[in-house]
Every structure is written in structure tokens, then in C-alpha cells.
Amino acid sequence: MSAPAPGQPVFGRLLTAMVTPFAEDGSLDLDATRALARYLVDELANDGLVVNGTTGESPTTTDAEKQQVLRAVVEEVGDRAVVVAGVGTYDPEHTVHLAEQATDAGADGLLVVTPFYSRPTQQGLLAHFTSVADRTRLPIMLYDIPHRAGTAIETDTLIRLAEHERIVAVKDAKSDPVASSQVMAATDLAWYAGDDAITLPLLAVGAVGVVGTSTHFTGVGMKELIEAQVRGDAAAALAAHRRLLPVMTGVFATQGCSMVKAALALQGHRVGPVRLPMVPPTSEQLDRFADQLRGAGLL
């Protein structure tokens, strides 16, 4: 992929962090993976898909499974959608290995999360991300999600990382629009909301799109929201935001991957179970989310 123009949506505007379909015995279901990727791109208007992210249960899939899933998605939709591979770990050597594997599988870009559990200093984060970017060939989207990783990527660190030619985007799940707007003002990073409900506020200060979870259901409406904001129709964007807000928040009543899989099954999609330590939503949680989907006209 060529380098992006400043401020441009290098990976598109609407991406979904796709769940990984499993068979009932917990093994990969690659036919269902292809079908879901096709549905998200062709029917829900996604410009791209993030594969092997947290919503794809990456902590409990093997390196070999990650490669199989990525190849299946690239083969199915790679001719008409961007495919970004989640490769981030707390070990830069393992991250580079996964990055090389993703490159060979045909990915267009890499999602590299903050090293989790280790809780490195900002200098450690700078060194980690730089080490990975120096040794990979694809453009990188950093993933800033302190409530999972235990460490935030601070503003000055993001500004310094933006100087690297292969670090081109951020998936922002920090929910600090002031800090986000400061980085956007100081860099050419393509900024993506990593928390669905903050998409509109971040678009208002310069973001280009979203990497969503609720977009397994809201894709068409979220694309309308983004396009309305981009063309300057604030009223239409706000109306879409308010209509979709119960779904954007309700999907996280339990772990996102669990709720998405359960609700996709209600819609007739074959996605299978989650792997431990994830568990399905309770019947009450699923019923509540189903009502939220119905309220938005999505079920």
C-alpha cells in the first residue's frame, strides 16, 4: 500500500473489527469466516476489516489460526476492501513475526496494540513501536486502549511516533477527545475511533472514521453518519448518532465479541461460540441488546 496523503483515510472510513467464527467444537470455521467477511463488505458497506483483533479473540487463537483466518478474508474480500491484520503483542519479536506472516498472507496494513500487561514507560512504548515499524513493510495503525493494555500512549509519544514513515494511523479507544485533537493538530496521522460511541465527537475534531464493533450491525447507518459529517451535514450526522447510540453502547454490556456472536446468531449468521475465558451473554443481556437492535431497525 502506498503512503497516505496527509489527513486522508488511508484504510478507508468504516472498518469493522471482525469476530472470528468457530465451529461448535471450537475449531475455526473458515467457510463462515468468508461468509461473514462478504456480508460485512457487500451488505454493510465496510471499506475494510480488521482481522485478528481483540474482537476476533486473538488472545486465544494460535499463530497458524491467525494466518488461516487472514488468508480466508483476503481471498474473499481483498479485491474490494482493505484488510488490516492485528499483530500486536507484548513482545516485539513475536509482533514482527506476526507482521511478516500477515504480509505474506496479503494484508494491507497492521494493527499494533500497546504492549499489554508489561506496562512499559513512554520511552519503552516509543522503542517498542519504533522497533516493530523499522522491521515491517506494511503501514501501521497504532491501537491506544489503556483500559485493556494498562498503559496509555501519551500525546508527546504519539507525536514522536508519527514521524515514522510506516506509522500512519491510530485506533483511539482512550476516550480523551482533547488529547486526541492535540495529536491530530500536530500530525498527519489518520485517526479512527476505537470506541463506537465516540465516533461523531472525534470526527468533529479531525478523525477520519471508525474501527467498530457494533458495526457488525450498524455498518450502513455508521457509514451514513460518517459521510454526513464529512460533507458538513451536522444535523444528519447527529440524528444518525442518536439513533445508533443504544446499539453502539449496548454491544459492550458484556465482552464485545460475545455479544456480537450471540446477536449475529439471532440474525441467522453462523459464527459459533466464543472460546474461554469469554462466555456468552446472559439471556437478559442478549434480550436487552436485541431490543436495542430492534429499536434501531436492525433486527
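Provided above is the structure to which this section pertains.
Residues numbered from 1 in each chain as written. Predicted model: local features only at pLDDT ≥ 70, side-chain atom pairs only at ≥ 80, totals over all residues. Heavy atoms only, no water.

1. Considering helix 2 (residues 63-77)
Selection criterion: The secondary structure listing takes helices from DSSP runs of H or I that are at least 4 residues long and strands from runs of E that are at least 2 residues long, numbered from the N terminus. Expected helix span is taken as 1.5 Å per residue step, with the number of steps being one fewer than the number of residues. In this scheme, a residue with accessible area under 20% of its type's maximum is buried, one over 50% is exposed, and one in between is partly exposed, where area comes from a 1.4 Å probe on protein chains only. Only heavy atoms enter the contact rule, under which two residues are in contact if any of them lie within 4.5 Å.
If you check helix 2, its first and last C-alpha atoms are 21 Å apart, about what 15 residues at 1.5 Å a residue would give, namely 21 Å. The set of residues buried in helix 2 consists of Glu65, Lys66, Val69, Leu70, Ala72, Val73, Val74, Glu76 and Val77. Tucked into the core, helix 2 has its buried residues touching helix 1 (30-42), strand 2 (48-51), strand 3 (82-86) and helix 3 (92-105).

2. Let's talk about a nonpolar patch on the surface
Our working rule: To count toward a patch, a residue needs a relative accessible area above 30% and no salt bridge. Like charges then connect within 9 Å, nonpolar side chains (Val, Leu, Ile, Met, Phe, Trp, Tyr) within 5 Å. Working definition of accessibility: Shrake-Rupley area with a 1.4 Å probe, residue cover restricted to the visible protein chains. Definition used for salt bridges: Asp or Glu carboxyl oxygen within 4 Å of a side-chain nitrogen of Lys or Arg.
Together, Tyr90, Phe116 and Tyr117 make up a nonpolar patch on the protein surface, roughly 390 Å² of accessible area in all. Tracing the backbone shows tyrosine 90 in the loop between strand 3 and helix 3. For tyrosine 90, a relative accessible area of 48% puts it in the partly exposed group.

3. Quick look at the side chain of lysine 223
Within the element layout of this structure, lysine 223 appears in helix 9 (residues 215-230). When residues no more than four places from it in sequence are discounted, the contact partners of lysine 223 are Leu14, Ala45 and Asp47.

4. Some words on the environment of threonine 33
Put simply, the rule is: Side-chain atoms alone can form a polar contact between residues adjacent in sequence; in general such a contact is a pair of N or O atoms within 3.5 Å, and within protein one must be able to donate a hydrogen while the other accepts it.
Note that threonine 33 resides in helix 1. Judged by relative accessible area, threonine 33 falls into the buried class, the value being 0%. Counting along the chain gives 12 residues from threonine 33 to proline 21, while the straight-line C-alpha distance between them is 5.6 Å. Those residues in contact with threonine 33 that lie beyond four places of it in its chain are Met18, Pro21, Val69, Ala72 and Val73. At a separation of 2.9 Å, a polar atom in the side chain of threonine 33 contacts the main-chain carbonyl oxygen of aspartate 29.

5. With respect to the pairing of strand 3
Here is the key point about a regular strand: its side chains alternate between the two faces of the sheet. Cut-off, in case you're wondering: At least two DSSP bridges between two strands are required for those strands to pair. Orienting the strands away from the viewer, one traces the path from the first strand over the helix to the second; a clockwise path indicates a right-handed crossover.
The buried fraction of strand 3 amounts to five of the five residues, a majority that puts the element mostly inside the structure. Alternating residues of strand 3 divide into Val82, Val84 and Gly86 and Val83 and Ala85, and every residue in both groups is buried. As paired elements, strand 2 and strand 3 share four bridges and run parallel to each other. Residue valine 50 lies in a different strand from strand 3, and its bridge partner there is valine 84. By the bridge criterion, three bridges tie strand 3 to strand 4 (residues 109-113) in an arrangement that is parallel. Following the sheet pairing, alanine 85 is matched in strand 4 by leucine 110. For the crossover from strand 3 across helix 3 to strand 4, the handedness is right-handed.

6. Details of the nonpolar core
Stated precisely, the cut-off is as follows: Among buried residues, those of type Ala, Val, Leu, Ile, Met, Phe, Trp, Tyr and Cys that are joined through side-chain atoms within 4.5 Å constitute a nonpolar core.
Ranked by size, the top nonpolar core spans 77 residues in total, and within it Leu70 and Trp191 carry the most contacts. Once residues lying within four places of it in the same chain are set aside, the contact partners of leucine 70 are Val51, Asn52, Val83, Ala85, Ala102, Ala105 and Ala107. Counting residues in hydrophobic clusters, the runner-up holds 19 residues, among them Ala17, Val82, Ala169 and Ala173.

7. Comments concerning the side chain of aspartate 29
Inspection of the secondary structure assignment puts aspartate 29 in the loop between strand 1 (14-17) and helix 1. Among the residues examined, aspartate 29 registers a relative accessible area of 12% and is labelled buried. Reaching out from aspartate 29, the side chain makes a polar contact with the backbone nitrogen of aspartate 31 at a distance of 3.4 Å. Within the structure, aspartate 29 has its side chain in polar contact with the side chain of arginine 270 (distance 2.9 Å).

8. Details of the pattern of salt bridges
Throughout the structure, instances matching the rule amount to 15 salt bridges. One salt bridge connects glutamate 65 with arginine 275, and the closest N-O pair in it is separated by 2.9 Å. Within this pair, whereas glutamate 65 is found in helix 2, its partner arginine 275 is found in the loop between helix 11 (256-266) and helix 12 (283-295), the two being separated by 210 residues in sequence. Each member of the pair, glutamate 65 as well as arginine 275, is classed as buried. Bridged by salt links that share partners, the residues Asp42, Asp79 and Arg80 form one connected network.

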